[in-house]
Amino acid sequence: MTADLVESAPVHDCRQAFADELISLAAEDERVVAVCNDSVGSSNLVRFKELYPDRLVNVGIAEQDLVGVGAGLANGGLVPFVSAAGPFLTGRATEQIKTDAAYNGLRVVLCGQSPGMAYGELGPTHHSIEDLSWMRAIADLAVVVPADPAQTRAAVRWAAGHDGPSYLRIPRFKVPDVTPDGAPFEPGRAVQLTDGDDVTVLAVGTLVSRALDAARVLRREGVGVRVLNMTFVEPLDTEAVLRAARETRGIVTAEEATTTGGLGAAVASLTAQHHPVPMRILGVHREFAPTGSAAFLLEHFGLTADGVAAAVRELMSGRHGAGVRGQR
């Protein structure tokens, strides 16, 4: 067994980066406002409320109203950051996200806080693993999954200037820095973090640092792994994905989400149509998680450096499998 090296690296808080960047934007642009669902604390908006009390709207525990209010504010010329826990923002307000925000092409920034299985012991009702599948299905909605604080700050600033709606996943876990200085932050553009001609690992969010750990271990075994941080799940960097399909022996995708419609499904659909390639899709495969801590759940579903490395070795060995990992 290899170690998850990310656990010993310095880690940083993406939610703090989100809050700090939002405050900076508000200081620069009086149109920037925040809307939350009785989640000032969990959205890390306490300081924002202190500085701009008249620019924070708390609708209470009413997520459909939350998105509707955000859309109305955007229609009035403001730039609303609509913030709530990921499972409730996307699960309870899908219709409003589709109809009020996306269909009308409004600049509404949807901020899904604590996505994936970050709420751990609170169970499947609080896990936000379906959000990538749901949000990808909505036309004209950008879906962004930052991997570290630098990308979180870049995502906030990009979304504020984007001419349309966007969904940002704001991680609850503290994560190590993985973004190189000067790396681009552009829709439909991945960031390549390592070179390798054997297997490509496409990862998002908390799985990016784990993919890098796996690549380091595999390099010592003589396996070259190309790691791409696929920050934009929608629009996808189709050029980078197809280049990986042509230049390496297979693709592993890794996401803290269900495998039915997120990153892995997007990559599989693209490659199947243009350049079929062996794949392993790491995530949660159509099941509710058991009760346990977030760390336990990531281990349970193989969303670790060990899990990524095992999937790469399986591809390299040529063994045939279901192609989807994570089901126990």
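Residues numbered from 1 in each chain as written. Predicted model: local features only at pLDDT ≥ 70, side-chain atom pairs only at ≥ 80, totals over all residues. Heavy atoms only, no water.

Asks: How would you explain the pattern of salt bridges if you had to name every residue and give the values?
Replies: Scanning the entire structure with this criterion turns up 13 salt bridges. Notably, a salt bridge pairs Glu-21 with Arg-157, separated by 2.7 Å at the nearest N-O pair. In this pair, Glu-21 is assigned in helix H1 (residues 14-28) and Arg-157 in helix H7 (residues 149-161), connecting sequence segments 136 residues apart. A relative accessible area of 34% places Arg-157 in the partly exposed class. Among the salt bridges present, the one from Arg-31 reaches Asp-29, with a minimum N-O distance of 2.8 Å. Arg-31 sits in the partly exposed class, given a relative accessible area of 36%. Here the salt bridges share partners, and the residues they tie into one network are Glu-21, Glu-28 and Arg-157. (Salt bridge = Lys/Arg side-chain N within 4 Å of Asp/Glu carboxyl O. Helix = DSSP H or I, 4+ residues; strand = E, 2+ residues; numbered from the N terminus. Buried < 20%, exposed > 50% of the residue type's maximum accessible area, 1.4 Å probe, protein only.)

Asks: Pulling in residues and values, what's your account of the nonpolar core?
Replies: Judged by nonpolar contacts, the single largest core of 43 residues is most densely connected at Leu-110, Met-230 and Ile-251. Here this core takes 5 residues from helix H9 (residues 238-247), the largest share from any one element. Filtering out sequence-adjacent residues up to four positions away, Leu-110 remains in contact with Val-67, Val-82, Leu-89, Ile-97, Leu-141, Ser-166, Tyr-167 and Leu-168. If you look at the next biggest cluster of nonpolar residues, it comprises 37 residues, including Ala-118, Val-225, Ala-254 and Val-308. (Core = buried A, V, L, I, M, F, W, Y, C linked by side-chain atoms within 4.5 Å. Contact = heavy atoms within 4.5 Å.)

Asks: Just give me the short version of the packing of helix H3 (residues 63-75) against helix H5 (residues 94-102), but keep the residues and values in it.
Replies: At a closest axis distance of 9 Å, the pairing of H3 and H5 adopts a crossing angle of 10°. Compared by their axis directions, H3 and H5 come out roughly parallel. Contacts between H3 and H5 involve Gln-64, Val-67, Gly-68 and Ala-71 from the former and Gln-96, Ile-97 and Asp-100 from the latter. (Axes fitted to C-alpha atoms, helices over the stretch in contact; angles between N-to-C directions. Parallel < 35°, antiparallel > 145°, perpendicular 65-115°, else oblique.)

Asks: For empty space enclosed by the protein, give the residues involved together with the corresponding values.
Replies: Counted according to the given criterion, the structure contains 2 cavities of 30 Å³ or more. Estimates place the volume of the largest cavity at around 90 Å³. Lining the largest cavity, in full, are Pro-115, Gly-116, Ala-118, Val-145, Arg-169, Pro-171, Arg-172, Phe-173, Val-204, Gly-205, Thr-206 and Glu-256. Among the residues making up the lining of the largest cavity, the classes are represented as 6 nonpolar, 3 polar and 3 charged. Taken as a whole, the second largest cavity holds about 40 Å³ of empty space. Lining the second largest cavity, in full, are Met-117, Pro-124, His-127, Ile-129, Glu-130, Glu-287, Phe-288 and Ala-289. (1 Å grid on protein atoms, 1.4 Å probe; cavity = no way out; pocket = protein on both sides within 12 Å on 5 of 7 lines; lining within 4 Å. Points joined across faces, edges and corners; volume = space filled by probe spheres on them. Nonpolar A, V, L, I, M, F, W, Y, C, P; charged D, E, K, R; others polar.)

Asks: Kindly report on the environment of Val-79, identifying the contributing residues and their values.
Replies: With respect to the secondary-structure elements, Val-79 resides in strand E4 (residues 79-85). Measuring from C-alpha to C-alpha, the distance between Val-79 and Glu-28 comes to 12 Å, with 51 residues separating the pair along the chain. Other than its neighbours up to four places away in sequence, Val-79 contacts Arg-31, Val-32, Val-33, Arg-107 and Ala-160.

Asks: Which residues make up the packing of H1 against H7, and what values do they have?
Replies: Across the interface, H1 lies against H7 with an axial gap of 8 Å and an inter-helix angle of 35°. Between H1 and H7 lies a crossing whose hand is right-handed. Residue-level contacts link Cys-14, Ala-17, Phe-18, Glu-21, Leu-22, Ser-24, Leu-25 and Glu-28 of H1 to Pro-149, Thr-152, Arg-153, Val-156, Arg-157 and Ala-160 of H7. Residue composition of the contact of H1 with H7, grouped by class: 8 nonpolar, 2 polar and 4 charged. (Left-handed = near helix turned anticlockwise from the far one by under 90°.)

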